[in-house]
Amino acid sequence: MAATIALTLTLGVEAGVSAGVVLSLALFLYRTSRPHAAVVGQVAGTEHFRNVKRHSVQTSSKILTLRVDEGLYFANARYLEDQVYALVAENPAIEHFVLMCPAVNQIDFSALESLEAINARLADSGVTFHLSEVKGPVMDALKRTHFLEALTGDVFLSQYAAVARLDPDSLRGAPHSDAAAQ
């Protein structure tokens, strides 16, 4: 805003507004190119999953879950890939990687390509790739491609359902729910 005002006063309205638009787009791309993502675990006695760095949670030795808090598109697709590969390298004992997507409202072709690359690379490492909490519009985009057919794992309605199927022994102390296990 300060740049827009300064340029408007010194160079005129067109230059000020143009600079404001360009700076706004640049800031948007910068902020969304590194989306907040968190490794999550289960809050004991609940079906809720929260950031392991902020909450006292239970985790599974077989499952690693990363929650992404931003839409997936060309500006952040490679960043997501790098994060996933780094987390899997740090946790060689995991059998399942779950990408938790409750805040992913959109996905573009570049992000789909990144998900395909993640799926293939994890398969080469002996890790099964799953998705959880995928919203309808994102699922529609996934269905229009061959990604779901190539996915080595499953798509779960909830993170709790994913853990209940992939490592039920890690759910000690959690409430039993037949609906969650479906």
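Computed from a prediction, not measured in an experiment: that's the story for all the values here.

Taken together, the six strands give an open sheet; going across it, the order is β2-β1-β3-β4-β5-β6, and neighbouring strands pair in mixed fashion. Looking along the sheet, the strands with just one partner apiece sit at the ends: β2 (49–51) and β6 (155–156). Alignment of strand β1 (residues 37–42) against strand β3 (residues 63–68), held across three bridges, turns out to be antiparallel. Considered in β3, the bridge of Ala-37 is made with Val-68. The sheet strands contacting helix α4 (residues 109–124) are β4 (96–100) and β5 (128–132), and the helix crosses β5 at an angle near 140 degrees.

Turning to the confidence of the model for the protein chain, a few remarks are in order. A low pLDDT means the predicted coordinates there should not be read in detail. When pLDDT is averaged across the protein chain, the result is 89; 94% of the residues are at 70 or more. Here residues 177–182 is modelled with pLDDT under 50, and outside its nearest four sequence neighbours on either side it reaches six contacts, counting other chains as well.

Now for a nonpolar patch on the surface. A grouping of Val-13, Val-17, Val-21 and Leu-25 is seen on the molecular surface, where their side chains present a nonpolar patch of about 360 Å² in accessible area. Taking the relative accessible area as the measure of exposure, Val-13 reaches 57% and is therefore exposed.

So, on to empty space enclosed by the protein. Counted according to the given criterion, the structure contains one cavity of 30 Å³ or more. Lining the largest cavity are Leu-72, Cys-101, Val-104, Ile-107, Leu-115, Leu-131, Val-134, Val-138 and Leu-142.

A regular strand places its side chains on the two faces of the sheet in alternate fashion. The buried fraction of β3 amounts to six of the six residues, a majority that puts the element mostly inside the structure. Burial along β3 is two-sided: Ile-63, Thr-65 and Arg-67 and Leu-64, Leu-66 and Val-68, pointing in opposite directions, are all buried. Pairing between β3 and β4: five bridges, direction parallel. Each residue of the ladder has a partner; that of Arg-67, found in β4, is Met-100. Taking the sense of rotation as the criterion, the β-α-β connection linking β3, helix α3 (residues 77–90) and β4 turns out right-handed.

Before going further, it helps to examine the pattern of salt bridges. By the definition in use, this model includes four salt bridges. Linking Arg-78 and Asp-82 is a salt bridge whose minimum nitrogen-to-oxygen distance equals 3.6 Å. Residue Arg-78 and its partner Asp-82 are both found in helix α3; the two are separated by four residues, about one turn of the helix. Overlapping salt bridges, with partners in common, bring together Arg-78, Glu-81 and Asp-82 in one network.

Our focus in this paragraph is the packing of aromatic side chains. For the structure shown, the criterion picks out three aromatic pairs. Seen from their ring centres, Tyr-73 and Phe-74 are 5.1 Å apart, and the 85 degrees between their planes marks the pair as edge-to-face. Overall, Tyr-73 belongs to the buried group, its relative accessible area being 8%. Between Phe-129 and Phe-147 the ring centres are 6.4 Å apart and the planes differ by 75 degrees, which places this aromatic pair in the edge-to-face class. Pair noted here: Phe-129 is in strand β5 and Phe-147 is in helix α6 (residues 147–150), with a separation of 18 residues, a long-range link. In terms of burial, Phe-129 and Phe-147 fall into one category: buried. Chaining the aromatic ring pairs together yields one cluster made of Phe-97, Phe-129 and Phe-147. Just above the ring of Tyr-85 sits the side chain of Arg-121; from NZ or CZ to the centre is 3.9 Å.

A separate point is the environment of Val-52. If you trace the backbone, Val-52 turns up in the loop between β2 and β3. Between the C-alpha atom of Val-52 and that of Tyr-79, which follows or precedes it by 27 residues, the distance is 20 Å. Not counting chain neighbours up to four residues away, the residues in contact with Val-52 comprise Val-39, Val-40, Gly-41, Val-57 and Thr-59.

Reading guide: rules and limits
Residues numbered from 1 in each chain as written. Predicted model: local features only at pLDDT ≥ 70, side-chain atom pairs only at ≥ 80, totals over all residues. Heavy atoms only, no water. Pairing = 2+ DSSP bridges. Helix = DSSP H or I, 4+ residues; strand = E, 2+ residues; numbered from the N terminus. Contact = heavy atoms within 4.5 Å. Axes fitted to C-alpha atoms, helices over the stretch in contact; angles between N-to-C directions. pLDDT = per-residue confidence, 0-100. Patch = residues over 30% accessible without salt bridge, like charges linked within 9 Å, V, L, I, M, F, W, Y side chains within 5 Å. Areas by Shrake-Rupley, 256 points an atom, 1.4 Å probe, with all protein chains shown as cover. Salt bridge = Lys/Arg side-chain N within 4 Å of Asp/Glu carboxyl O. Buried < 20%, exposed > 50% of the residue type's maximum accessible area, 1.4 Å probe, protein only. 1 Å grid on protein atoms, 1.4 Å probe; cavity = no way out; pocket = protein on both sides within 12 Å on 5 of 7 lines; lining within 4 Å. Points joined across faces, edges and corners; volume = space filled by probe spheres on them. Right-handed = clockwise from strand over helix to strand, strands pointing away. Phe/Tyr/Trp six-rings, centres within 6.5 Å; stacked < 30°, edge-to-face > 60°. Lys NZ or Arg CZ within 6 Å of the ring centre and 35° of its normal.

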